[in-house]
Amino acid sequence: MTPDLSALVDSIVARMGAAEDRGQVASYIPELAKVDPAQFGIAIATADGRMLTGGDADTSFSIQSISKVFALTLALGKVGDQLWQRVGREPSGNAFNSIVQLEQEHGIPRNPFINAGAIVVADVNLGGHQPRVAIGEMLRFVRYLSGDDSIAINEDVAASETTTGFRNMALANYMRAFGNVRHPVDLVLGTYFHQCAIEMSCRQLALAGRYLMLDGRHPDGGRVVSPGRARRINALMLTCGHYDASGDFAFRVGIPGKSGVGGGILAIVPGRAAIAVWCPGLNDNGNSMLGTQALQMLAEATGWSVFSAPEF
Ligand SMILES: NC(=O)CC[C@H](N)C(=O)O
C-alpha cells in the first residue's frame, strides 16, 4: 500500500480543525497558558527526502520535553553506556513530574524522559561548564539536525519556568541529596529549563528527527549516532515517551514518540518517516490530545505501526 500522504495530511488537518474537544493548554508554566489552542500543525519528513506539511506546520512552539530526546542523544555521546548507572530505562507508570519513585529507588530516575531523568541528563550535559555552554551546544545540535540556523530559545518561557518550576527544583534537590545531581541545582535547572524553551515548528522538528528514522545517519551522510543507539533511543521513546500513557500510545499509534507540554509530539517510523504534530491542548496525562489523535489516524491509514507486518 502506498498511501497518498498529501491527501491524508489534508484530511487530518480538516478533521483536527473541526474537533471540538481540544484538551487543556498547560497552565502551570504561565507563558504556555497564553498559546491559542485552535492551532494544529503536522509535518512528515520521509526517508526518500519528501516533506509534507499541513495546517500550522511553520508556526514555532515550545518543544518542552521533546528536547529530552536531543539531550539524551548528546549525553550518550559524552558518557556512553555509563549513563545507565545514573538513569534507568523502564517506563515509570507515573506522571512526568512525579517524585514518588525517587526515594525507593535511591535517587535513580526510572528513565531519561520523565523530568527527574532529564534533569540527570542535563547534569551530564553540563559537564563542568556554565549552562550557556551546554545550552549553546544543544542549540547547535538541533540546528545541525534540522539544517536550520533560525531555531532559537524563547527566553520568556525559560524565565517563566525558572520562577514557577518548584517541582523540578524539588526533584533536582532530592537527587542532589543522593549524589545523582553533581552540579549546583540552579545551574542544572538553568540548562534544563532553557533546553525545554527551545522553539521549533513542526517542519523543523520533523527534519531534526530524521536521524532516528535513518539508523542514526544525518541525511547529509554524516553519522549522528550508531544504528544501535538510534534503535535504543527509539525503543525508549516507544516505552517511555508519553509517561504513564506510553502503553496507551503504543496501543493506539504504535510508533516511537516523544511528547511535550507545549503540545508537540515527535514520532519516528524507522526507515520510513519522521513526523511532528502540534496542537497545544493536552489530555490528562500531559500529552497533546489532538496530536495523539492525528498520529493514530496517520498510523491507521499508512500501516506504519511498528507492530504491523510489513507488506509481503
Ligand atoms: N512534559 C513536559 O514537556 C515537561 C517539561 C517542562 N519543562 C517541565 O519540566 O515541567
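Each remark here, short or long, concerns the structure printed above.
Notes on the structure in this doc start here. (Residues numbered from 1 in each chain as written. Predicted model: local features only at pLDDT ≥ 70, side-chain atom pairs only at ≥ 80, totals over all residues. Heavy atoms only, no water.)

**Things to note about the overall build of the chain**
Assigned secondary structure in the chain consists of 13 helices and ten strands. Computed over the C-alpha atoms, the radius of gyration of the chain is 18 Å, within 12% of the 20 Å expected from 2.2 N^0.38 for a compact globule of 312 residues. A burial count over the chain gives 57% of its 312 residues as buried. In the chain, of all internal contacts separated by at least 6 residues, the share reaching a separation of at least 24 is 69%. About 12,700 Å² of surface is accessible on the chain, with carbon and sulfur atoms providing 50% of the total. With 25 positive and 29 negative side-chain charges, the chain shows a spacing of 8 Å between the two charge centroids. (Helix = DSSP H or I, 4+ residues; strand = E, 2+ residues; numbered from the N terminus. Rg over C-alpha atoms; globule rule 2.2 N^0.38 Å. Buried < 20%, exposed > 50% of the residue type's maximum accessible area, 1.4 Å probe, protein only. Contact = heavy atoms within 4.5 Å. Areas by Shrake-Rupley, 256 points an atom, 1.4 Å probe, with all protein chains shown as cover. Lys, Arg positive; Asp, Glu negative; His and termini not counted. Charge placed at Lys NZ, Arg CZ, Asp CG, Glu CD.)

**Points about the pairing of strand β8 (residues 264-269)**
Of all six residues in β8, six are buried, a share of seventy percent or more. Where burial is concerned, the two faces of β8 agree: the one with Gly264, Leu266 and Ile268 and the one with Ile265, Ala267 and Val269 are both buried. As defined by bridge partners, strand β7 (residues 257-259) adjoins β8 across three bridges and the pair is classed as antiparallel. Bridging from a neighbouring strand, lysine 258 pairs with leucine 266 of β8. Pairing analysis gives six bridges linking β8 to strand β9 (residues 273-278), with the strands arranged antiparallel. When the bridges of β9 are listed, glycine 264 appears paired with tryptophan 278. Between β8 and β9, which follow one another and run antiparallel, lie three residues, and glycine 271 among them has a positive phi close to 80°. (Pairing = 2+ DSSP bridges.)

**A closer look at the side chain of serine 67**
Checked against the element boundaries, serine 67 lands in helix α2 (residues 67-79). Taking relative accessible area as the criterion, serine 67 reaches 0% and is therefore assigned buried. Ignoring any residue separated from it by four or fewer positions in sequence, one finds serine 67 in contact with Met138, Gln195 and Cys196.

**Some words on the sheet that holds strand β2 (residues 41-46)**
One open sheet holds the five strands; their spatial order is β3-β2-β9-β8-β7, and the pairing between them is antiparallel. At either end of the open sheet lies a strand with only one pairing partner, and these are β3 (51-55) and β7. Put simply, the sheet's adjacent strands are angled 10° from each other on average, direction ignored. Each of β2, β8 and β9 is contacted by helix α13 (residues 289-302), which is oriented at about 145° to β9, the strand it contacts most. (Axes fitted to C-alpha atoms, helices over the stretch in contact; angles between N-to-C directions.)

**Considerations on the sheet that holds strand β5 (residues 152-153)**
A sheet is described by the order of its strands in space; here three strands give the open sequence β4-β6-β5, paired in antiparallel fashion. The open sheet terminates on both sides in strands that have one partner only, identified here as β4 (61-62) and β5. Relative to strand β6 (residues 198-200), β4 runs antiparallel, the two being bridged by two bridges. Along β6, the bridge assignment pairs serine 62 with glutamate 199. Against the sheet, helix α5 (residues 131-146) engages β5 and β6, with an angle of about 10° to β6.

**Side note on the packing of aromatic side chains**
What the rule picks out here adds up to six aromatic pairs. Ring centres of phenylalanine 61 and tryptophan 278 lie 5.0 Å apart, and the angle between their planes is 5°; on these two criteria the pair is classed as stacked. With a gap of 217 residues between them, phenylalanine 61 in strand β4 and tryptophan 278 in strand β9 connect regions that are remote in the sequence. Taking 6.4 Å as the distance between ring centres and 65° as the angle between the ring planes, the aromatic pair formed by phenylalanine 141 and tyrosine 211 counts as edge-to-face. In this pair, phenylalanine 141 is assigned in helix α5 and tyrosine 211 in helix α10 (residues 210-213), connecting sequence segments 70 residues apart. As far as burial versus exposure is concerned, phenylalanine 141 and tyrosine 211 are alike and both buried. Grouping aromatic residues by their ring pairs yields a cluster made of Tyr28, Phe96 and Tyr243. (Phe/Tyr/Trp six-rings, centres within 6.5 Å; stacked < 30°, edge-to-face > 60°.)

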